[in-house]
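# Summary of structural features
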Amino acid sequence: MVIFSACRARNLGSGLAGLCLAALFSIAAQAQTTLERIKQRGHLICGTSQGVAGFSLPDAQGQWRGFDTDLCRALAAAIFNDQEKAKYISLASKDRLTVLQSGEIDVLSRTTTWTLGRDAGFGLNFTAINYFDGQGFLVRKSTGVKDLKALNGASICVAQGTTTELNLADYFRNHGMKYEVIAYAGLDETIQAYEAGRCDAYTTDLSQLAANRMKLKAPAEHDLLPEMISKEPLGPWVRQGDDGWFDIVRWTVYAMLNAEEFGITQANVEEMVKSANPEIKRLLGAEGKFGESLGLTNDWVVRIVKAVGNYGESFDRHLGAKSPLNLPRGMNRLWTQGGLQYAPPVR
C-alpha cells in the first residue's frame, strides 16, 4: 500500500507523519468502528494526565480519579454498564495528541484546550467543552509580586507542548514586557523547577495552578495572581474519521449536563425514569430510541448517572465545594444559573 510505505519512510516531518497516521486510521475505521473495537477489546482506553489533582490523579489504591477520568468512567458505563472497564494511559502534554493520533488511546480526556490549529491540523476532533478555564500565574508571596506588570523581566516556568507556552509569548509581546521562558517536558519537572527557585513564576491554567499548588511543600506561601490572560475551553478529543464515536463522546458530556439541569442525580435517577416530563423521559430512555441511534442501549444516560452522577455532582466531588480544591463553579455554572454550560436537547 502506497500510504503505508510512505509512513514507514524515515525522517518524516511532523506534519507528514500526522497526515500518514490520519490516513492509516481513516482506512482502518472503514473496516471497524472505534465502538466496535472497544467492545471487542472489552474496555475503553483513555488518555489522561501525569497527575493533576481534581482532574486525574491515582488514589491510594492506584485507581485514577478526577473530573476528567469521570468522563472516561461515564463512557465505560454507557458502553458496558461498568465504569471500571476504562483503562488509563498517563501522558505528558507534548505527547498527548500524537498518542491519540496513533490509536493507542480511544479518547483523550486531559485538560486539553480547543484551538483551531489542533482541531484542523492534527486529524483530531474536539468534542465538547466540559470546563471553561483561563491561564494564570503562581508566584511566591515572598517576592511581593501582586500583578502581572511586576513580572516584567521575570523568568517563568512552563510545560512544553502546551497552549500555555504560546499564550505566554503573546501576552508579553503584546504588552512590551520581557521575560525568560524556562520550559520542561513534564508536569512534575515544571513544578519541581518552580519550587526549587529556578524561575520567578509558574504559569498554566488557573484550575491546574490551584491543583499543583497543593503539591508544593508549603502551599500557603504561594499566591495566584488575579489576572487571566487567555481563554482555555477544555474537553475530550477523538480522532477524525469516526462520526459515531465522536457523537458518543460529545453526547456523554451533554448527558451529564442535561441530567444536572433536570435535577437527575445518582440518588434519584431510577425514580426519575418514571417522570411524566417528556424531556426527562427522552433523556433517560423511557421514550424514543436515542441510545440505539448512538449504538448504545436506550438507558445509557441512566447508566452514566448511576456510575458518576450528573455534571454538578462530578464537579463538586473533584473540583468544587466537596473537594480539597474548593474551586468556584464560575463560568462552569449551568446557563440557567448565569454560567456558560449549556447542553443541546435530546429529542
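Since we're looking at a predicted model, the values are computed, not measured.

## Looking at the packing of helix 10 (residues 243–261) against helix 14 (residues 300–308)
Direction vectors running N to C along helix 10 and helix 14 enclose 70°, while the axes themselves pass 10 Å from each other. With respect to their mutual orientation, helix 10 and helix 14 come out roughly perpendicular. Note on element contacts: helix 14 touches helix 10 through W300, V301, I304, V305 and V308, opposite W251, T252, A255, M256 and A259. Within the contact of helix 10 with helix 14, the residues separate by chemical class into 9 nonpolar, 1 polar and no charged.

## Looking at the packing of aromatic side chains
Summed over the entire model, instances satisfying the criterion amount to 15 aromatic pairs. Ring geometry for F55 and F67: centres 6.2 Å apart, planes at 90°, overall edge-to-face. With F55 in the loop between strand 1 (44–48) and strand 2 (57–58) and F67 in helix 4 (residues 67–80), the pair connects residues that are 12 residues apart, well separated along the chain. Residue classification places F67 among the buried residues on the basis of a relative accessible area of 5%. A centroid spacing of 6.1 Å and a plane angle of 80° characterise the contact between F67 and F315, whose relative ring orientation is edge-to-face. Highlighted residues: F67 in helix 4 and F315 in helix 15 (residues 311–318), separated in sequence by 248 residues. Among the residues examined, F315 registers a relative accessible area of 0% and is labelled buried. The ring of Y194 has R140 lying over it, and the distance from NZ or CZ to the ring centre is 4.5 Å.

## Notes on a nonpolar patch on the surface
A cluster of nonpolar residues, M228, M331 and L340, forms a patch on the protein surface that exposes about 270 Å² of accessible area. Residue position: M331 is located in the segment after helix 15.

## Overview of the pattern of salt bridges
Per the counting criterion, the structure on display carries 13 salt bridges. Between D70 and R317 there is a salt bridge, with the nearest N and O atoms lying 2.7 Å from each other. Here D70 is found in helix 4, whereas its partner R317 is found in helix 15, with 247 residues between them in sequence. The exposure class assigned to D70 is buried, which follows from its relative accessible area of 5%. In this structure R317 comes out as partly exposed when scored by relative accessible area, which is 33%. For K306, the salt bridge is made with E270, and the minimal N-O distance between the two is 2.9 Å. Of this pair, K306 sits in helix 14 while E270 sits in helix 11 (residues 269–272), placing them 36 residues apart in sequence. Take K306: its relative accessible area is 44%, and that puts it in the partly exposed class.

## Some words on helix 8 (residues 187–195)
Within helix 8, burial applies to L187, T190, I191, A193 and Y194. The arc enclosing the buried residues of helix 8, seen along the axis, measures out at 160°, which places them on a common side. Buried residues in helix 8 make contact with strand 8 (135–140), strand 9 (154–159), strand 10 (179–184), strand 11 (201–205), helix 9 (206–213) and strand 12 (222–224).

## Quick look at the nonpolar core
In globular proteins that are soluble, nonpolar side chains generally tend to be buried together. Grouped together as the largest cluster of nonpolar side chains are 73 residues, with contacts concentrated most on W245, I264, L284 and W300. A per-element tally of this core places helix 10 first, with 11 residues. The residues touching W245, leaving out its near neighbours within four places in the chain, are T34, I38, L44, L75, I79, D106, V107 and V238. Counting residues in each nonpolar core, the second largest holds 14 residues, with L148, L151, M177 and L225 among its members.

## Here we look at the confidence of the model for the protein
Where the model shows low pLDDT, its predicted coordinates should not be examined in detail. Mean pLDDT over the protein works out to 91, with 91% of the residues at or above the 70 mark. Low confidence marks residues 1–12, where pLDDT is under 50. Its contacts with residues over four positions away, or in another chain, come to 14 contacts.

## Brief notes about the side chain of R118
Turning to its location among the elements, R118 is positioned in helix 6 (residues 116–121). Here R118 occupies a buried position and makes no salt bridge, while the nearest side chain of opposite charge, E232, is found at 6.3 Å. When near neighbours in sequence (up to four residues on either side) are disregarded, R118 contacts R96, L97, T112, T113, L124, G161, T162, T163 and W237.

## So, the sheet that holds strand 8
Sheets are built from strands paired through backbone hydrogen bonds, the pairs being either parallel or antiparallel. Taken in spatial order, the 5 strands of this open sheet run 10-9-11-8-12, and their pairing is mixed. Of all the strands in the sheet, the pair left with one neighbour each is strand 10 and strand 12. Each strand of the sheet is rotated relative to its neighbour by a mean of 30°, with strand direction disregarded. Bridging between strand 8 and strand 12 involves 3 bridges; their strand directions are antiparallel. Residue pairing across strands places L138 opposite L224, the latter belonging to strand 12. Relative to strand 8, helix 7 (residues 163–174) is tilted by about 80°, and along the sheet it contacts strand 8, strand 9, strand 10 and strand 11.

Conventions adopted
Residues numbered from 1 in each chain as written. Predicted model: local features only at pLDDT ≥ 70, side-chain atom pairs only at ≥ 80, totals over all residues. Heavy atoms only, no water. Axes fitted to C-alpha atoms, helices over the stretch in contact; angles between N-to-C directions. Helix = DSSP H or I, 4+ residues; strand = E, 2+ residues; numbered from the N terminus. Parallel < 35°, antiparallel > 145°, perpendicular 65-115°, else oblique. Contact = heavy atoms within 4.5 Å. Nonpolar A, V, L, I, M, F, W, Y, C, P; charged D, E, K, R; others polar. Phe/Tyr/Trp six-rings, centres within 6.5 Å; stacked < 30°, edge-to-face > 60°. Buried < 20%, exposed > 50% of the residue type's maximum accessible area, 1.4 Å probe, protein only. Lys NZ or Arg CZ within 6 Å of the ring centre and 35° of its normal. Patch = residues over 30% accessible without salt bridge, like charges linked within 9 Å, V, L, I, M, F, W, Y side chains within 5 Å. Areas by Shrake-Rupley, 256 points an atom, 1.4 Å probe, with all protein chains shown as cover. Salt bridge = Lys/Arg side-chain N within 4 Å of Asp/Glu carboxyl O. Arc of directions from axis to C-beta. Core = buried A, V, L, I, M, F, W, Y, C linked by side-chain atoms within 4.5 Å. pLDDT = per-residue confidence, 0-100. Lys, Arg positive; Asp, Glu negative; His and termini not counted. Pairing = 2+ DSSP bridges.

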